[in-house]
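The lines below spell out each chain.
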Amino acid sequence: MKTDQLRIFGIRHHGAGSARNVVTALQQYSPDIILVECPADAEQLIPFINDRFLIPPVAILIYNRNQHQQHVYYPFTLFSPEWQAMLYANNEEIPARFFDLPQGQSFKLSEYRVKKLDGVIRDPFAFLADAAGMSDSERWWDQYIEQYQHGADVFETVLDLMSEMRQNVSHEYHINEIREAYMRQQIRRAQKEGFKRIAVVCGAWHAPVLHPQVNGSLKEDKRILLGLKKVPTKCTWVPWSYHRIARHSGYGSGVISPYWYEALFSHRDKATVHWMSRAASIMKDMTIDVSPSHVIEATRLASSLSALRRLHRPGIEELFEALTAVFCFGDEDLISELRIKIIEGESVGSVSNDIPAVPLLQDLEERIKKARLTKDWRQHDAVEKHLDLRKHTQLRASHLLHQMILLDIPWGTELEPENDPHGTFHEYWELNWKPDFEMDIIEASMWGNTVKEAASAMVYDAITKVGKLSSLGNMLLQALRGDLPELLAPITQKLSNVANVSQDLQDLMPVVAPLIWSLRYGSTHKMDVKGLSDLLNQLIPRICLLLPGQAAIVGEELAEDLFNHLMAIDQALKLLQDGNHIDHWQKALSKVAYGKLSHPLLKGASMRVLLNSGEQQISSVSIWLNLELSSLEDPFFPAQILEGFLYGGASVLLHHRELRLVIDHWITSVTDEHFNSFLPILRRTFSRFSKSEKEVLFQLIKKGQQPDTSEVLRIYNAERESILLPVLDRLLDS
């Protein structure tokens, strides 16, 4: 809308064409002041635009000072019209203001149910897209606005379109009427202060109703704004990313391809070539062979597609179709990966240290210094750390890394050394900082002002939502190792509640190992862990009771899961050293091992555990193994028995010649057809042996200790004789 004193420029948020046109319009108009659609209580952040370390994409974070979970982000990119308007104001040394309803008042309004009006429209350009025969509004805007050099005249056209729409549809929410009344009041304020040339940059939907002399009287606007309450707020600039801007497409919330809009803004006439060249560069970084001829061919194909569709020039849809046809050859996995890297983009902005940081980030930086992790923070390459928990500084580092995991910011990944790390004073970590963690920290700050406080609050909230025992068990272990003992009681109570109603081994078994580790950790650190002991006393007998029956009715996928859980429980029970639990466990495994219907993978694993624990003698295991390998019920049965039995390594074969004889006799007796069927499973089984185990096993065979099948039969017959002959004698006598 145009008057001598006021120009209103209706834009599309994150619109590259709008950004170019706004710059042109401002240069032609030379305003005295620029009013930008953004909450007025964040206006103090505008001067930071001059900071050379404030590099978009960035966002304004506004949060409730007393309730950090109540917050909102306002993202800006290089091609955001609002960002370009603020840059223009700073470069021309004229004032810029945010003139939308303060977020403190919006927060207060959001606490109540806000009336939603009939005939609403979320995306006003959807009607225009539909009229043009296009599938979505962004595609329409891309073709008719972003790719054309309209200059200042386009704003009159957009204003006419929006005026027509607003006569036929309502606001989305009643809060928009409040916002627009406030914006008109701010325009009146600027006029009253004597500014002669006022430029307003706002969303296109609001543009038709913001002229205070045409829309809404002063009295009516005061009535709408009367009695509005507010909450105290704080605000700051935070890094943002193209991926987050592209997370939601649609008016006011994002764009499908930020990199494409960046190319349209910075290189309008050569945007297609720039976008395709950048895509080729990304693919080279992914070690995909791309040549300049590929770029040329894909660019030509995109242009041809746009011509066939009667478009002025290619859009993002034509570009990506051309790229996938020329570069990907229908590889769906590659196409999915490229969709994120190339369409959404991975660019991350930055802010300077002079910009006020959220309290959580300040606490994190302080704790990183105390833990002596400063040189490892924000490093792009992975860093391995060995922490000795007997040293106070390194214990601090361990607590911090575990708390970060609870905040869902996995800066550190704990590594498993060759020996079992649980119950020792050592931890092994790989630290790998990712740019998105900057934004994750900002979001986590809504849970508290310190890392410890935020982690506790986040876990308390998760406890009410998580119903999976394994997740709760891992959460408990992380909490204890993160020095958050106050979480022990609520997590234990939730575990008990969930476990009481579950009869599924898939739920019950995964939680046992984390509970045992938590119990040992808590006992070592003199915590009250009676609740954990009671819970284990409840869980382990129930698992032992259910395991034999469920081992007989599982399919392949479920058997693999139960196998992994079985091995984890066995290792954890060795740490617990509770004779009663171990006795229950071994009896359950014995039923699985000798059960006729038990899955072979679980049978083999159970027998190996019993052999390792000394519960079974080698002679009885040899008989058992020979019988199981002779099974003809399932062609894969013998191979799966071996896979479970040999999972723990080759030591049983190296130290027990009888077992080598049994296995060799079976292998040499199978037909070529069956052997080829077994081969994938056998390869997987023997690949788990260490290099040294394989070498020793080879030397044993090479030295002439190859098995003699007659000895296998002798062992078998001698063992069977004591059982069969007495029975035969009784039968013959009768």
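Residues numbered from 1 in each chain as written. Predicted model: local features only at pLDDT ≥ 70, side-chain atom pairs only at ≥ 80, totals over all residues. Heavy atoms only, no water.

A.B. asks: Describe the overall build of the protein chain, naming the residues involved and giving the relevant values.
C.D. replies: Tallying secondary structure elements over the protein chain gives 32 helices and 10 strands in all. Looking at the protein chain residue by residue over its 734 residues, the buried ones come to 53%. Looking at the protein chain alone, contacts between residues at least 24 apart form 76% of all its contacts between residues at least 6 apart. Looking at the protein chain as shown, the accessible area adds up to about 35300 Å², and 51% of this sits on carbon and sulfur atoms. (Helix = DSSP H or I, 4+ residues; strand = E, 2+ residues; numbered from the N terminus. Buried < 20%, exposed > 50% of the residue type's maximum accessible area, 1.4 Å probe, protein only. Contact = heavy atoms within 4.5 Å. Areas by Shrake-Rupley, 256 points an atom, 1.4 Å probe, with all protein chains shown as cover.)

A.B. asks: Requested: an account of the sheet that holds strand β3 (residues 58-64), with residues and values cited.
C.D. replies: Here 3 strands make up an open sheet; going across it, the order is β4-β3-β7 and the pairing antiparallel. At either end of the open sheet lies a strand with only one pairing partner, and these are β4 (71-76) and β7 (233-239). Along the sheet, successive strands turn relative to each other by an average axial angle of 20°, direction set aside. With 7 bridges joining them, β3 and β7 adopt antiparallel strand pairing. (Pairing = 2+ DSSP bridges. Axes fitted to C-alpha atoms, helices over the stretch in contact; angles between N-to-C directions.)

A.B. asks: Mind laying out helix α27 (residues 637-645), listing which residues take part and the relevant values?
C.D. replies: Counting buried positions along α27 yields 9 of 9 residues, so the element is predominantly enclosed. Listed in full, the buried residues belonging to α27 are Phe637, Pro638, Ala639, Gln640, Ile641, Leu642, Glu643, Gly644 and Phe645.

A.B. asks: A description of the pairing of β3 should follow, citing residues and the corresponding values.
C.D. replies: Buried residues dominate β3, accounting for 7 of its 7 residues. Every second residue of β3 is oriented toward a common face, with Val58, Ile60, Ile62 and Asn64 on one face and Ala59, Leu61 and Tyr63 on the other, all of them buried. Where β3 lies against β4, 6 bridges are found, and the strand directions are antiparallel. Looking across to β4, one finds that Ala59 is bridged to Pro75. Hairpin connection of β3 to β4: 6 residues between the antiparallel strands.

A.B. asks: Explain unusual backbone geometry residue by residue, including any values.
C.D. replies: Cis peptide bonds are those with omega within 30 degrees of zero, and the linkage from Pro56 to Pro57 qualifies with 10°. Although it is not a glycine, Glu93 sits at a positive phi angle of roughly 55°. By secondary structure assignment, the location of Glu93 is in the loop between α2 (81-92) and β5 (96-100). In the Ramachandran plot, Asp483 falls in the positive-phi region, its phi being about 65° despite a non-glycine side chain. Mapped onto the secondary structure, Asp483 falls in the loop between α19 (469-481) and α20 (488-500). Given the relative accessible area of 30%, Asp483 is considered partly exposed.

A.B. asks: So what's going on with the side chain of Ser80? Which residues, and what values?
C.D. replies: Along the polypeptide, Ser80 turns up in the loop between β4 and α2. Residue class for Ser80 comes out buried when judged on its relative accessible area of 0%. Engagement of the side chain of Ser80 in a polar contact is seen with the backbone nitrogen of Thr77, the distance being 2.8 Å. For Ser80, the residues in contact, after removing those within four places along its chain, are His14 and Ala19. (Polar contact = N/O pair within 3.5 Å; in protein donor to acceptor, adjacent residues only side chain to side chain.)

A.B. asks: Break down the packing of α27 against helix α30 (residues 672-686) for me, citing the residues and quoting the values.
C.D. replies: The N-to-C vectors of α27 and α30 enclose an angle of 5°; their axes lie 9 Å apart at closest approach. In terms of orientation, α27 and α30 fall into the roughly parallel class. Residues Pro638, Ala639, Gln640, Leu642 and Glu643 of α27 form the contact with α30, whose own contacting residues are Phe678, Ile681, Leu682, Arg684 and Thr685. Tallied by class, the residues present in the contact of α27 with α30 amount to 6 nonpolar, 2 polar and 2 charged. (Parallel < 35°, antiparallel > 145°, perpendicular 65-115°, else oblique. Nonpolar A, V, L, I, M, F, W, Y, C, P; charged D, E, K, R; others polar.)

A.B. asks: Any chance you could break down the sheet that holds strand β1 (residues 6-11) for me, citing the residues and the numbers?
C.D. replies: Within a beta sheet, neighbouring strands are joined by backbone hydrogen bonds and run either parallel or antiparallel to one another. With parallel pairing, the 4 strands of this open sheet are ordered in space as β1-β6-β2-β5. A strand with exactly one partner marks an edge of an open sheet, and here the two such strands are β1 and β5. Going across the sheet, the axis of each strand differs from the next one's by a mean of 30°, ignoring polarity. Contacting β1, β2 (33-39) and β6 (198-203), helix α1 (residues 16-29) crosses the sheet at an angle of about 170° to β1.

The values are spatial; any link to function lies outside them.
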